[in-house]
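Residue strings, one per chain:
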Amino acid sequence: MFAGLLEAARNSPFRTPFTRVHCDDGTEKAVVPGRSVQAAASREVEFGSNEFFGLCAVGGILSCGITHTAVVPLDLVKCRLQVNQAKYKNLFHGFKVTIAEEGARGLAKGWAPTFFGYSAQGAFKFGLYEVFKIKYADMIGEENAYLYRTWVYLGASASAEFFADIALAPLEAAKVKIQTMPGYANTMRQAMPKMMGEEGVMAFYKGLVPLWCRQIPYTMMKFACFEKTVELLYKHVVPKPRDQCSKGEQLIVTFAAGYIAGVFCAVVSHPADVVVSKLNQAKGSSAIDVAKQLGFMGMWNGLTPRIIMIGTLTALQWFIYDGVKVALSIPRPPPPEMPESLKKKLNVE
């Protein structure tokens, strides 16, 4: 099956092979030391420059803003399942009830705060991940960065998501109000002034801590699992080295690794996601109050649609992000290789 996907990718518009290697002062520079870096097209962006980080943020805006907005109908039903299981029962019944009560247009409720909120989050998530990944790798040195690369991925992604959620929180709160409280507001322009009038600024940030609890584990899994899955796919599944794969073939690998990472992400972050949805619906409640009210089983409401949503969403996000890097000639690191100095120490050929 995988061979068939690779064959199809050869006919994609990204089929031209990589021909240029990004160099910094005449030498390759890696995201994690031990990696060489390849650029995708005619004019290379300087690795680690402000332009590099800025374009990575643009990739994050496009990957997160587009994908989250595209799955708003599924997200809306998922949120309603989380806060009112008795009424909406399951995914298909939730769609049926929503369309019966509000028409097909009702499935698009909350698209504006979703688009703007997750675009802002994507800019910080992907842009700062690249920043922290480089900084943390430099701090511990080339050999340690290779040996402990998973910890570099985990630390960089957690640090980036901390700031990304501060940007997301106000719009996520507005989205949940619109989607789960019938009659409260139909648009972002109606919801946000109303929230400010009722609860003040804290209306937008009371869900920040549970949002961190949901998003930081999710993002750590998203980036670390993706990076390791890509490494394993090229090592054990793809029948040729990465540098011999076309751009289209590499993007197929990206999509597959992204989907695998997305399934793990959904499971790890789901209880906190349920708490966030219920908390933004329940005025004056704390995260602990909501968790007690839901109970252990209640915090797994809506898991199936979320696995479908997050798996697809994560795969598409990585595909778009990697595609933007190809289109904008942003350096893209291949799977990590052991530094020569470490090979000599360990007597590895």
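Residues numbered from 1 in each chain as written. Predicted model: local features only at pLDDT ≥ 70, side-chain atom pairs only at ≥ 80, totals over all residues. Heavy atoms only, no water.

Looking at the overall build of the protein
Test applied: Secondary structure elements follow DSSP: runs of H or I no shorter than four residues count as helices, runs of E no shorter than two count as strands, and numbering proceeds from the N terminus. Any residue under 20% of the maximum accessible area for its type is buried, any over 50% is exposed, and the rest in between are partly exposed; the area is computed with a 1.4 Å probe on protein chains only. When checking whether two residues touch, look at their non-hydrogen atoms; a contact exists if any pair is within 4.5 Å. Methods summary: accessible areas were calculated by the Shrake-Rupley approach with a probe of 1.4 Å, and residue burial reflects only the protein chains presented.
For the protein, the helix and strand inventory stands at 15 helices and two strands. Counting the 349 residues in the protein, one finds 54% classified as buried. Considering only contacts within the protein whose residues lie at least 6 apart along the sequence, 76% involve residues at least 24 apart. Accessible surface, the protein: about 15400 Å² in total, of which carbon and sulfur atoms supply 64%.

Some points on empty space enclosed by the protein
Selection rule: Grid points spaced at 1 Å and placed over the protein atoms alone form the basis of the search, with a cavity being a set where a 1.4 Å probe fits but cannot get out and a pocket an open set showing protein on both sides within 12 Å along at least five of seven lines. Lining residues have an atom within 4 Å of a point. Grid points are joined across faces, edges and corners, and a volume is the space filled by probe spheres set on the points. In the scheme used here, Gly and all other residues not listed as nonpolar or charged are polar, with Ala, Val, Leu, Ile, Met, Phe, Trp, Tyr, Cys and Pro taken as nonpolar and Asp, Glu, Lys and Arg as charged. Domain extents, as shown, originate in an automatic or database domain assignment.
According to the stated counting rule, one finds four cavities of 30 Å³ or more in the structure shown. When its volume is computed, the largest cavity comes out at roughly 300 Å³. Lining the largest cavity are 23 residues; nearest its centre among them are Phe226, Glu227, Val230, Asp322 and Pro333. Among the elements of the structure, helix H6 (111-140), helix H11 (208-237), helix H12 (247-281) and helix H14 (303-327) are those that each provide at least two residues to the lining of the largest cavity. The dominant element in the lining of the largest cavity, judged by the number of residues it contributes, is H11, at six residues. Split by residue class, the lining of the largest cavity holds twelve nonpolar, two polar and nine charged. Taken domain by domain, the lining of the largest cavity gets at least three of its residues from each of domain 1 (46-214) and domain 2 (238-327). Roughly 130 Å³ of volume is contained in the second largest cavity. Forming the boundary of the second largest cavity are 18 residues, of which His68, Tyr118, Arg214, Gln215 and Ile310 lie nearest the centre. Among the secondary structure elements, those contributing two or more residues to the lining of the second largest cavity are helix H2 (50-70), helix H3 (72-83), H6, helix H8 (149-180), H11 and H14.

Quick look at the confidence of the model for the protein
Heads up, the condition is: One number per residue, pLDDT, summarises how confident the predictor is, and it ranges from 0 to 100.
Per-chain confidence: the protein averages 84 in pLDDT, with 86% of residues scoring 70 or above. With pLDDT under 50 throughout, residues 26-41 is counted as low confidence; its partners more than four residues away or in other chains account for 68 contacts.

Some words on the layout of surface pockets
Put simply, the second largest pocket is a space of about 280 Å³. If you go around the second largest pocket, you meet 13 residues; those closest to its centre are Ala108, Gly110, Trp111, Asn186 and Thr187. Those elements that place two or more of their residues in the lining of the second largest pocket are H6 and helix H9 (188-199). A per-element tally of the lining of the second largest pocket places H6 first, with three residues. Residues belonging to the lining of the second largest pocket are distributed by class as follows: six nonpolar, four polar and three charged.

Structural notes on the packing of aromatic side chains
So the rule is basically this: Pairing of aromatic side chains here covers Phe, Tyr and the six-membered ring of Trp, requires ring centres within 6.5 Å, and sorts the geometry by plane angle: under 30 degrees stacked, over 60 edge-to-face, intermediate tilted. Criterion for a charge above a ring: Arg CZ or Lys NZ at most 6 Å from the ring centre, at most 35 degrees from the ring normal.
Per the stated rule, a full pass over the model turns up 15 aromatic pairs. Ring centres 6.5 Å apart and planes at 50° place the aromatic pair Phe255 and Tyr259 in the tilted group. Highlighted residues: Phe255 and Tyr259, both in helix H12, separated by four residues, approximately one helical turn. For Phe255, a relative accessible area of 32% gives the class partly exposed. Ring pairs connect the aromatic residues Phe126, Tyr129, Phe223, Phe226, Trp318 and Tyr321, which therefore count as one cluster. Between Lys177 and the ring centre of Tyr184, over which it is positioned, the NZ or CZ distance is 5.3 Å.

Notes on the nonpolar core
This is how it is decided: Only buried residues count toward a nonpolar core, which is a set of Ala, Val, Leu, Ile, Met, Phe, Trp, Tyr and Cys residues joined through side-chain atoms within 4.5 Å.
Phe52, Phe126, Tyr129, Phe226, Tyr234 and Trp318 are the most contacted members of the largest nonpolar core, which totals 29 residues. For this core, the secondary-structure elements that each account for two or more residues are H2, H6, H8, H11, H12 and H14. No other element matches the seven residues that H11 contributes to this core. Filtering out sequence-adjacent residues up to four positions away, Phe226 remains in contact with Met221, Thr254, Ala257, Gly258, Ala261 and Trp318. Core analysis: the second largest hydrophobic core is formed by 15 residues, Leu74, Val77, Tyr218 and Ala266 among them.

Quick notes on unusual backbone geometry
The backbone phi angle of Lys89 is positive, close to 60°, even though this residue is not glycine. Assignment of secondary structure puts Lys89 in the loop between helix H4 (85-88) and helix H5 (91-102). Given the relative accessible area of 48%, Lys89 is considered partly exposed. Of note, the phi angle at Ser329 is positive, near 60°, even though the residue is not glycine.

Brief notes about H14
In an α-helix, one turn spans 3.6 residues; hence positions three or four apart end up facing the same way. Just so we agree on the cut-off: One fewer than the residue count of a helix, multiplied by 1.5 Å, yields its expected span.
Taking 1.5 Å of rise per residue, the 25 residues of H14 would be expected to cover 36 Å, and the 35 Å separating its terminal C-alpha atoms lies within 8% of that figure. Just beyond H14, the residue with positive phi is Ser329, at close to 60°.

A closer look at the pattern of salt bridges
Quick reminder of the rule: Take a side-chain nitrogen of Lys or Arg and a carboxyl oxygen of Asp or Glu: if they are within 4 Å of each other, that pair is a salt bridge.
Tallying each qualifying case throughout the model produces 18 salt bridges. Residues Glu102 and Lys109 are paired through a salt bridge, measuring 3.1 Å at the closest nitrogen-oxygen approach. Salt-bridge contacts for Glu199 lead to Lys206; the nearest nitrogen and oxygen are separated by 3.4 Å. Connected through salt bridges with shared partners, the residues Glu130, Lys133, Glu227 and Lys325 form a single ionic network.

Some thoughts on the packing of H3 against H5
Counted only if it meets this: Helix axes are fitted only over the stretch in contact, all axes being lines through C-alpha atoms; the angle between N-to-C directions runs from 0 to 180 degrees. Note on angle classes: values under 35 degrees are labelled roughly parallel, values over 145 roughly antiparallel, values of 65 to 115 roughly perpendicular, and the remainder oblique.
Their axes nearest at 9 Å, the elements H3 and H5 cross at an angle of 105°. By the criterion of interaxial angle, the relationship of H3 to H5 is roughly perpendicular. Across the interface between the two elements, Pro73, Leu74, Leu76, Val77, Arg80 and Leu81 of H3 pack against Leu91, Gly94, Phe95, Thr98 and Glu102 of H5. In the contact of H3 with H5, the residues fall into seven nonpolar, two polar and two charged.

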